[in-house]
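# Notes for the structure review
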Amino acid sequence: MGSLKGQMAVKLKGVLKKWNVGASNVLEKRTIESEDRIKEIDEASEHRMLTEQEMKELKNLNVELWEAIKFKEFIWRQKSRMTWLKEGDANCAFFP
């Protein structure tokens, strides 16, 4: 029975790793696309007045970019906590 749980845990870990890589790639791609489009609109604004639609798009892109950055920050914070829980604090050996 323990062997079955171990096999399931290994499979789950593999699936989660694949999902994590895929999800982070999607997030990174979305961030880059938003940054590129913001640059395009900024360059256009240097040569002419932006239309109402471009202004709305710029606002939405900035919000989307901000949310993606905050989400990446959240993910890194969670990963650091998992590492700390798994490996412990460097000072744990000092305090018995």
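Read on for a plain summary of the structure. Because the structure is a prediction, the values reported are computed rather than measured. (Residues numbered from 1 in each chain as written. Predicted model: local features only at pLDDT ≥ 70, side-chain atom pairs only at ≥ 80, totals over all residues. Heavy atoms only, no water.)

### A closer look at the overall build of the protein chain
We apply this condition: Secondary structure elements are defined from DSSP: runs of H or I of at least 4 residues count as helices, runs of E of at least 2 residues count as strands, and each element is numbered from the N terminus. Relative accessibility thresholds used throughout: buried, under 20% of the residue-type maximum; exposed, over 50%; partly exposed, between the two (1.4 Å probe, protein chains only). The criterion used for residue contact is that any of the two residues' heavy atoms lie within 4.5 Å.
Helix and strand content of the protein chain: two helices and zero strands. Going through the 96 residues of the protein chain one by one, you find that 12% of them count as buried. Considering only contacts in the protein chain between residues 6 or more positions apart, those separated by 24 or more positions represent 60%.

### Quick notes on the nonpolar core
We count it as follows: Buried residues of nine kinds, namely Ala, Val, Leu, Ile, Met, Phe, Trp, Tyr and Cys, make up a nonpolar core once their side-chain atoms join them within 4.5 Å.
Ile38, Ile41, Ala44, Leu50, Leu58, Leu61 and Leu65 form the largest nonpolar core, which has seven residues in total. Residue assignment for this core shows that the elements contributing at least two residues are helix 1 (2-47) and helix 2 (52-87). The contacts of Ile38, once residues within four sequence positions are left out, are Leu58, Leu61, Asn62 and Leu65.

### A closer look at the pattern of salt bridges
Let me state the cut-off plainly: Criterion for a salt bridge: a side-chain nitrogen of Lys or Arg within 4 Å of a carboxyl oxygen of Asp or Glu.
One pass over the structure, following the stated rule, counts seven salt bridges. Across the pair Lys70 and Glu73 runs a salt bridge whose closest N-O atoms are separated by 3.5 Å. One end of the pair is Lys70 and the other is Glu73, both in helix 2 and three residues apart, which spans about a single turn. Accessibility expressed as a relative area gives 38% for Lys70, which makes it partly exposed. Judged by its relative accessible area of 38%, Glu73 falls in the partly exposed class.

### Side note on the side chain of Glu54
We apply this condition: We define a polar contact as two N or O atoms separated by no more than 3.5 Å, with the added condition that, inside protein, one atom must be a possible hydrogen donor and the other a possible acceptor, whereas residues neighbouring each other in sequence contribute only through side-chain atom pairs.
With respect to the helices and strands, the residue Glu54 is situated in helix 2. On the basis of relative accessibility, which here comes to 14%, the residue Glu54 falls in the buried class. For Glu54, the side chain forms a polar contact with the side chain of Arg48, separated by 2.7 Å. The contacts of Glu54, once residues within four sequence positions are left out, are Ile41 and Arg48.

### Notes on the side chain of Thr31
Within the element layout of this structure, Thr31 appears in helix 1. Reaching out from Thr31, the side chain makes a polar contact with the backbone oxygen of Leu27 at a distance of 2.8 Å. Apart from the residues within four sequence positions on either side, Thr31 is in contact with Leu65, Ala68 and Lys72.

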